[in-house]
Amino acid sequence: MTRNILEFEKPIFELEKKIDEMRKLESSLNISDEINNLEDKVEQLKKSVFANLTRWQRVQLARHPERPYTKDYLHMITENFVELHGDRAYKDDKAIVGGFATIDDQKVMIIGHQKGRDTKSNLYRNFGMPNPEGYRKALRLMKLAEKFNKPIITLLDTPGAYPGIKAEENGQAEAIARNLFEMSRLKVPIIVVVIGEGASGGALGLGVGDRILMLENTWYSVISPESCSSILWRSWDFKEQAAEALKLTAPDLLEQGIIDRIVPEPLGGAHNDPDTMAETLKATLLEEIKILRKIKPDKLIDMRLHKFGNMGVYSE
Amino acid sequence: MKWFKRSKNNFSTTSIKREVPDGQWIKCDTCNEIIHVKQMEANSFVCEKCGYHFRIGSKEYIDILLDKNSFKELDKKMKSGDPLEFVDTKNYKDRIRDTIKKTGLNDAVATGVGKINGRKVAFACMDFRFIGGSMGSVVGEKIARAIDKAYQQKIPMIIISQSGGARMMEGAFSLMQMAKTSARLARLADAKLPFISILTDPTTGGTTASYAMLGDINIAEPDALIGFAGPRVIKQTIGKDLPKGFQKSEFLLEHGFVDFIVKRTELKQKLDDVLSYLNQDAN
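Procedures and definitions
- Residues numbered from 1 in each chain as written.
- Chains lettered and ligands numbered in written order.
- Predicted model: local features only at pLDDT ≥ 70, side-chain atom pairs only at ≥ 80, totals over all residues.
- Heavy atoms only, no water.
- Helix = DSSP H or I, 4+ residues; strand = E, 2+ residues; numbered from the N terminus.
- Rg over C-alpha atoms; globule rule 2.2 N^0.38 Å.
- Buried < 20%, exposed > 50% of the residue type's maximum accessible area, 1.4 Å probe, protein only.
- Areas by Shrake-Rupley, 256 points an atom, 1.4 Å probe, with all protein chains shown as cover.
- Lys, Arg positive; Asp, Glu negative; His and termini not counted.
- Charge placed at Lys NZ, Arg CZ, Asp CG, Glu CD.
- Contact = heavy atoms within 4.5 Å.
- Domains from an automatic or database assignment.
- Buried area = accessible area lost by both parts, 1.4 Å probe.
- Salt bridge = Lys/Arg side-chain N within 4 Å of Asp/Glu carboxyl O.
- Polar contact = N/O pair within 3.5 Å; in protein donor to acceptor, adjacent residues only side chain to side chain.
- Expected span 1.5 Å × (residues − 1).
- Pairing = 2+ DSSP bridges.
- Right-handed = clockwise from strand over helix to strand, strands pointing away.

## A few points about the overall build of chain A
From N to C terminus, chain A includes 14 helices and nine strands. Here the C-alpha atoms of chain A give a radius of gyration of 21 Å, agreeing with the 20 Å that 2.2 N^0.38 yields for 316 residues. Taken along its principal axes, the extent of the C-alpha atoms in chain A is 65 × 50 × 45 Å. Per-residue burial over chain A gives 57% buried out of 316 residues. For chain A, the accessible surface area stands at approximately 13700 Å², while carbon and sulfur atoms represent 50% of it. Averaging the positions of the 45 positive and the 48 negative side-chain charges in chain A gives two centres separated by 6 Å.

## Looking at the overall build of chain B
For chain B, the helix and strand inventory stands at nine helices and 10 strands. In terms of overall size, chain B behaves like a compact globule, its C-alpha atoms giving a radius of gyration of 20 Å where 283 residues would be expected to give roughly 19 Å. Taking the principal axes of its C-alpha atoms as reference, chain B extends roughly 70 × 50 × 40 Å. In chain B, buried positions account for 54% of the 283 residues. Looking at chain B alone, contacts between residues at least 24 apart form 66% of all its contacts between residues at least 6 apart. Carbon and sulfur atoms form 50% of the exposed surface of chain B, whose accessible area is close to 13300 Å². Averaging the locations of the 44 positively and 34 negatively charged side chains of chain B gives two centres separated by 4 Å.

## Thoughts on the domain arrangement of chain A
Bring the parts together and some accessible area is lost; that lost area is often taken as the interface size. Residues and elements named next belong to chain A. Each assigned domain of chain A is listed with its residue range as follows: domain 1 (8-52) and domain 2 (58-309). One C-alpha centre belongs to domain 1, the other to domain 2, and the line joining them spans 35 Å. Counting from both sides, the interface comprises six residues of domain 1 and, opposite them, eight residues of domain 2. For the pairing of domain 1 and domain 2, the buried interface totals around 610 Å² over both sides, and the portion due to carbon and sulfur atoms is 63%.

## Structural notes on the interface of chain A and chain B
On the chain B side, the residues contacting the 48 residues of chain A number 61 residues. Surface buried jointly by chain A and chain B totals about 4600 Å² across both partners, of which 73% is contributed by carbon and sulfur atoms. If you sort the residues of chain A by the area they bury against chain B, A:Glu168, A:Leu232 and A:Val313 come out on top, with a joint share of 14%. For the interface between chain A and chain B, the tally reads two salt bridges. Of the charged contacts in the structure, one is a salt bridge between B:Arg145 and A:Glu316, with a shortest N-O distance of 2.8 Å. In this assembly, chain A and chain B are joined by 14 residue pairs in polar contact (both at pLDDT 80 or more). Elements with a minimum of two residues in the side of chain A that touches chain B: helix H7 (165-169), helix H8 (172-183), helix H9 (200-204), strand E7 (219-221), helix H10 (225-232), helix H11 (239-246), helix H14 (297-309) and strand E9 (314-315) of chain A.

## Overview of the domain arrangement of chain B
Residues and elements named next belong to chain B. When its domains are assigned, chain B resolves into domain 1 (18-54) and domain 2 (56-277). If you average the C-alpha positions of domain 1 and of domain 2, the two centres end up 24 Å apart. Taken together, the contacts link six residues of domain 1 with eight residues of domain 2. Together, the buried faces of domain 1 and domain 2 total about 620 Å²; carbon and sulfur atoms form 65% of this surface. Taken as a group, Ser 44, Phe 45 and His 53 account for 73% of the area that domain 1 buries against domain 2, more than any other trio of residues on that side. Applying the counting rule to domain 1 against domain 2 returns zero salt bridges.

## Here's the deal with helix H4 (residues 137-153) of chain B
Residue and element names in this part refer to chain B. With 17 residues, H4 ought to run about 24 Å at 1.5 Å a step, and its terminal C-alpha atoms sit 24 Å apart, in line with that. Most of H4 sits inside the fold, with 12 of its 17 residues counted as buried. Looking at H4, one finds that the buried residues are Ser 137, Val 138, Val 139, Gly 140, Glu 141, Lys 142, Ile 143, Ala 144, Ala 146, Ile 147, Asp 148 and Ala 150.

## Observations regarding the pairing of strand E3 (residues 106-113) of chain A
All names here are of chain A. The buried fraction of E3 amounts to six of the eight residues, a majority that puts the element mostly inside the structure. Taken together, the eight bridges between strand E2 (residues 96-103) and E3 define a ladder with antiparallel strand orientation. Pairing of Ala 101 across the sheet is with Val 108, part of E3. Counting the residues that bridge the hairpin from E2 to E3 gives two residues, and of these Asp 104 lies at a positive phi of roughly 50°. Pairing of E3 with strand E4 (residues 152-158) involves four bridges; the strand directions are parallel. When the sheet's bridge partners are listed, Met 109 is paired in E4 with Ile 152.

## What to know about the pairing of strand E8 (residues 195-203) of chain B
Residue and element names in this part refer to chain B. Of all nine residues in E8, eight are buried, a share of seventy percent or more. As judged from the six bridges shared by strand E7 (residues 157-163) and E8, these two strands associate in the parallel manner. If you follow Ser 161 over to E8, its bridge partner there is Leu 199. In this region the chain leaves E7, passes through helix H5 (residues 171-190) and returns to the parallel neighbour E8; the handedness of that crossover is right-handed. In the sheet, E8 pairs with strand E9 (residues 217-220) via four bridges, with the strands oriented parallel.

Set out below in structure tokens:
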């Protein structure tokens, strides 16, 4: 398998490759000290690279083709996942997956955007860009969770809701709006986690909840850096600046008071150690559910209303 | 036969200046009819000849729809902050300041309470002139508070949308206004109070994907562009030309997303008709 290496990951990757090569020679040569040295060096390099990521680099990490997606987390975190399909009106959208699952002993409804790994699966998943039927499926599942008193977890990872003819004909805007409206008054806890890309309304359509979390190397904003660049700078070339200007990383959103918590990623990013990432996420989710479970539904809805009500900066 | 040879350029719809020097006459964008300002005002800024709806702002809508002097504006002084210290080709702060100066508006929505044929309503109307009618913190907060007013006073909520979508320069804050306003509308709906959404040209992006599509009744003005993604983006994505009439009011009606299309000249009467049904009276 050829690995996908981002530009700023290259020096790390080169060193790791060298270590691997040296290991092969270890049995015939006495070079274990040198290997240890190099390993320390890699660790140091990783730490310094990942401690100084630019916003654009985080966007790239959020899109890393080897990053765990919704189904990977379902596999790593849950048991007995029962996938449920279709919006009961038109279609089953493959860009959103959802169903009942069990995390330890906690039964939940999990819904998330789903990207593909290669060309074929990406076409099948429409690159994680949902159509209206995807949002309607998600809402159907959320209402099912409400009916049977199960907490809802949504995993956000989309480059945006699909901009197509059929999507407009079938009411992309209405589908997203309806989800915002209904999610704001669901009687069960909702935990939202941005696991990759949180692009605008396409992400928010699954994003109204009681606790909003972001994995450390993800982004969430009103528009992608590329589109922002094309509109405000009238060119695609200013994506780095746009990413800086949009302040779209997890630390940014925590500071803005929009998210509640950052879920730390293993050194080198979630793709570097998916198992550790999944473990951390699992522990975090269980912790959050435990807290939210204690709050009465009316209070929960009231808190949710005020949570989003408090977002915004203005003067009077 | 000299008129026969007249240059075609004279018939161009684009090369002609819209405003005639003394400011009293305006040329219709569609049919080129020259209309006196007073006459146009009297006809709700609709061309009498071809029915073209001129784009108008909150002030004009208030005059057209609400009973004379009934409108009490809320949160008039609310202004945008600059939470991200956003800079593109221009500082957001400067952009806001300049737009306020140019338009005489403080942001892209006016909200308040007023009366429609004696019936009290909470009312919000967007202004496309203010940074493309984009929704940032101020638009979201003012609309949320107007909905609260409707909720507290148990009166209907009416929102006129006219917007390119969420405002980029406030990043995630703008995005969250969609959730903020939709949540307030859900509470209003739980209290069984009516919400009427009026969609005018253009209503796209995050505005459509939140309150504009959530009316008990969705009403569109004729020939308005209404959609989620803008036509340019869709064309770019699919690499094909878009069908004629795509994302226009008539298209939305055909696909089931607006209840009806109404001419601006008949809008007030139609609102009155609809509102007369949207209450808990047994008769």
